[in-house]
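Topology and contacts: notes
Here is how the chains run, residue by residue.
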Amino acid sequence: VKPMTPRCSVPKAVPVGKSASLHCHENEGFPKSTYSWYRNSEPLPPDSKSSKSHNSSYTLNPATGTLVFHAVHKGDTGRYSCIATNDAGFAKCEEQEMEV
């Protein structure tokens, strides 16, 4: 079963240096979906160490769809969206702005 459009929650504004949690979830897809996050239409690698765009530190859990920034900085500002994917297809939530 193809995933439904996931529900994404992205904080509107986060103070510099604070942590931020972004969530993405859908429960129609079978087999269970895996989740990937995008910032300004660029995929965020599952491991922040391999992110060459900037030195952001975050944890991305593809199984739960949770993206946690440990300490945000200005470079983390942007439009975030998430894609739920399984063998039957994928679905994407609307982009949401996060301001730092």
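Residues numbered from 1 in each chain as written. Predicted model: local features only at pLDDT ≥ 70, side-chain atom pairs only at ≥ 80, totals over all residues. Heavy atoms only, no water.

Defined as follows: UniProt positions are given in the numbering used here, feature names are shortened, and annotations may be inferred rather than shown by experiment.
If you look the protein up in an unreviewed UniProt entry, it shows as JAM3 protein from Erithacus rubecula. Its UniProt record gives the protein the following Sequence similarities (unreviewed entry) comment, quoted word for word: "Belongs to the immunoglobulin superfamily."

**Details of the packing of aromatic side chains**
Just so we agree on the cut-off: The aromatic pairing rule takes the rings of Phe, Tyr and Trp, using the six-membered ring of Trp, and pairs them if the centres are within 6.5 Å, calling planes under 30 degrees apart stacked, those over 60 edge-to-face and the rest tilted. Runs of E in the DSSP output that reach at least two residues are strands. Runs of H or I that reach at least four are helices, and both are numbered from the N terminus. Residue exposure (1.4 Å probe, protein chains only): buried if accessible area is under 20% of the type maximum, exposed if over 50%, otherwise partly exposed.
Summed over the entire model, instances satisfying the criterion amount to two aromatic pairs. Note on F69 and Y80: the rings are 5.9 Å apart at their centroids and 75° apart in plane angle, and the pair reads as edge-to-face. Separated by eleven residues along the polypeptide, F69 in strand β6 (residues 66-69) and Y80 in strand β7 (residues 78-86) bring together distant segments of the chain. Relative accessible area serves as the criterion here: at 0%, F69 is assigned to the buried category. Taking the relative accessible area as the measure of exposure, Y80 reaches 0% and is therefore buried. By the ring-pair criterion, three or more aromatic residues cluster together here, those being Y58, F69 and Y80.

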